[in-house]
Amino acid sequence: MSVITPYVLVLYYSRHGATQTLAEQIASGIESVGGIEARLRRAPEVSTTCEQTQAEIPDSGAMYVELDDLRHCAGLALGSPTRFGNMAAPLKYFLDSTSELWMNGALIDKPATAFSASSSLHGGQETTLITMLIPLLHHGMVYAGVPYSATELLETTQGGTPYGTTHVSGKRGDNDVDQHECRLAHAQGKRIARLALSMLPLREK
Ligand SMILES: Cc1cc2nc3c(=O)[nH]c(=O)nc-3n(C[C@H](O)[C@H](O)[C@H](O)COP(=O)(O)O)c2cc1C
């Protein structure tokens, strides 16, 4: 009998790479915990027309997400750029395709967390994280943010919130993820991995 290692799905959308960098940091935090893996996946672009606009497999970066990646995860880290204080449409589009999982309670009692990038410091990162939290609660997931035991929350002058890690990418989108943001993302990954492992038995009852 093959034993499948549990994984946290790190699912993100990123147009210019800032959210992807945070996703990679969160994944490294997950991988620092034994007995669980990170599975990085991204949401594909959406189009205003019905034509196929891209290949099924991306040229580079993480594979596109499939419903089964979400169905079988032990936990979820969901990432989106801030768009008008809200999650980006491609991620919402994917979430809107998950009603079968909702009907079957596939995500109930699994932990979830969220992360975001925005160009400006006060440009709506927290509201974006909250828009991402809402569908996860509908799915019965248990939301976990970043506690203040991650002391970078008190020190950061860029991104980082107790609702989830954020990154301020700047006017031209070329700010690197700074040390505080990086450590917060790592801590968030570690936390969601530990929670996922500890909550696994809940699903077996
Ligand atoms: C349609 C659109 C709306 C945006 N809305 C906001 C916003 O409300 N606040 C903000 O600070 N940045 C906003 N941005 C900038 C992005 O959040 C920012 O460039 C982010 O770092 C992009 O992430 P990515 O590199 O992962 O694509 C917006 C960008 C686009 C394209």
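Criteria and cut-off values
- All residue numbers here refer to positions counted from 1 along the written sequence of the relevant chain.
- In keeping with the predicted nature of the model, local features appear solely for residues at pLDDT of at least 70, side-chain atom pairs appear and are counted solely at 80 or more, and the whole-chain, interface and lining totals rest on all residues.
- UniProt positions are given in the numbering used here, feature names are shortened, and annotations may be inferred rather than shown by experiment.
- What counts as a helix is a DSSP run of H or I of at least four residues, what counts as a strand is a run of E of at least two, and both are numbered from the N terminus.
- The globule rule is 2.2 Å times the number of residues to the power 0.38, and the radius of gyration it is compared with is taken over C-alpha atoms.
- Exposed residues have 12 or fewer other C-beta atoms within 10 Å of their own C-beta, buried residues have 20 or more, and residues in between are partly exposed; the C-beta atoms are placed from the backbone.
- When DSSP finds two or more bridges between two strands, those strands count as paired.
- Between N-to-C directions, angles span 0 to 180 degrees; the directions come from axes that are lines fitted to C-alpha atoms, helices contributing only their stretch in contact.
- An angle below 35 degrees is treated as roughly parallel, one above 145 as roughly antiparallel, one from 65 to 115 as roughly perpendicular, and anything else as oblique.
- Note: crossing handedness is left-handed where the near helix turns anticlockwise from the far helix by less than a right angle, and right-handed where it turns clockwise.
- Any pair of residues counts as being in contact when their C-beta atoms, constructed from backbone geometry, are within 7 Å of one another.
- In this usage, the nonpolar core is the set of buried Ala, Val, Leu, Ile, Met, Phe, Trp, Tyr and Cys residues whose C-beta atoms join them within 7 Å.
- In this text, near has one meaning. A residue is near a molecule or strand if its C-beta atom, placed using the backbone, is within 6 Å of it.
- Residues were grouped as follows: Ala, Val, Leu, Ile, Met, Phe, Trp, Tyr, Cys and Pro as nonpolar; Asp, Glu, Lys and Arg as charged; and all remaining residues, including Gly, as polar.
- Residue count minus one, scaled by 1.5 Å, sets the expected span of a helix.
- In this scheme, the bend at a residue equals the angle between the axes fitted to the seven residues that finish there and the seven that begin there.

Labelled according to an unreviewed UniProt entry, the protein chain appears under the name NAD(P)H:quinone oxidoreductase, originating from Cobetia crustatorum. Among the UniProt annotations of the protein chain, the heading Sequence similarities (unreviewed entry) holds the following wording: "Belongs to the WrbA family." For the protein chain, the Cofactor (unreviewed entry) comment in UniProt is given as "FMN".

(A) Layout of the overall build of the protein chain. Counting secondary structure elements, the protein chain contains seven helices and seven strands. When the helices and strands of the protein chain are read in sequence order from the N terminus, they spell out β-α-β-β-α-β-α-α-β-α-β-α-β-α. By the compact-globule yardstick of 17 Å for 205 residues, the protein chain fits well, its C-alpha radius of gyration being 16 Å. Structurally, the protein chain occupies a C-alpha span of about 50 × 45 × 30 Å along its principal axes.

(B) Quick look at the pairing of strand β5 (residues 111-118). Judged by how many residues are buried, β5 sits mostly within the fold: eight of eight residues are covered. The two faces of β5 match: Pro 111, Thr 113, Phe 115 and Ala 117 on one face and Ala 112, Ala 114, Ser 116 and Ser 118 on the other face are all buried. Sheet analysis places strand β4 (residues 75-81) next to β5, joined by six bridges and oriented parallel. Looking at β5, one finds that Pro 81 is bridged to Ala 117. Pairing geometry for β5 and strand β6 (residues 142-143), over two bridges, is parallel. For Ala 112, the partnering residue across the bridge sits in β6 and is Tyr 143.

(C) Representation of the packing of helix α1 (residues 18-31) against helix α7 (residues 179-204) in the model. Closest axis-to-axis distance for the α1/α7 pair is 6 Å, and the angle between their directions is 50 degrees. Viewed along their axes, α1 and α7 adopt a mutual orientation that is oblique. Here the hand of the crossing between α1 and α7 comes out right-handed. Across the interface between the two elements, Leu 22, Gln 25, Ile 26, Ala 27, Ser 28, Gly 29 and Ile 30 from α1 touch Cys 182, Ala 185, His 186, Ala 187, Gln 188, Gly 189, Lys 190, Ile 192 and Ala 193 from α7.

(D) Highlighting the nonpolar core. Core analysis: the biggest nonpolar cluster contains 50 residues, and Val 8, Val 10, Leu 11, Ile 26, Ile 30, Leu 76 and Ala 77 have the highest contact counts within it. Residue assignment for this core shows that the elements contributing at least two residues are β1 (7-12), α1, β2 (37-42), β4, α3 (89-95), β5, α5 (125-138) and α7. Ranked by residues supplied to this core, first place goes to α7 with seven residues. The contacts of Ile 30, once residues within four sequence positions are left out, are Val 8, Ile 36, Ala 38, Gly 189, Ile 192 and Ala 193.

(E) Structural detail: the site of the ligand. Every one of the 20 residues lining the ligand counts as a neighbour, but His 16, Ala 18, Thr 19, Pro 81 and Gly 123 are closest to it. Of all the secondary structure elements, the ones that give two or more residues to the shell around the ligand are α1 and β5. The residue makeup of the shell around the ligand, split by class, is four nonpolar, 14 polar and two charged.

(F) Region of the structure containing α7. End to end, α7 covers 39 Å across 26 residues, agreeing with the expected 38 Å (1.5 Å per residue, within 8%). Along α7, the sharpest change in direction is near 30 degrees and occurs at Ser 198; proline Pro 201 comes one to four residues later.

(G) The pairing of β1, seen in detail. Judged by how many residues are buried, β1 sits mostly within the fold: five of six residues are covered. Sheet analysis places β1 next to β4, joined by five bridges and oriented parallel. Looking across to β4, one finds that Tyr 12 is bridged to Gly 79.

(H) Looking closely at α1. For α1, with 14 residues, the first-to-last C-alpha span of 20 Å sits near the 20 Å given by 1.5 Å per residue. Burial analysis of α1 places twelve of its 14 residues in the buried class, which makes it a mostly covered element. Those residues of α1 that fall on the buried side of the exposure criterion are Ala 18, Thr 19, Gln 20, Thr 21, Leu 22, Ala 23, Glu 24, Gln 25, Ile 26, Ala 27, Gly 29 and Ile 30. Its buried side turned inward, α1 meets β1, β2, β4, β5, β7 (166-168) and α7.

(I) Molecular detail of the environment of Glu 155. Residue position: Glu 155 is located in helix α6 (residues 152-155). Taking the C-beta count within 10 Å as the criterion, Glu 155 has 11 such neighbours and is therefore assigned exposed. Along the backbone, Glu 155 and Glu 37 are 118 residues apart, and their C-alpha atoms lie at a distance of 30 Å.

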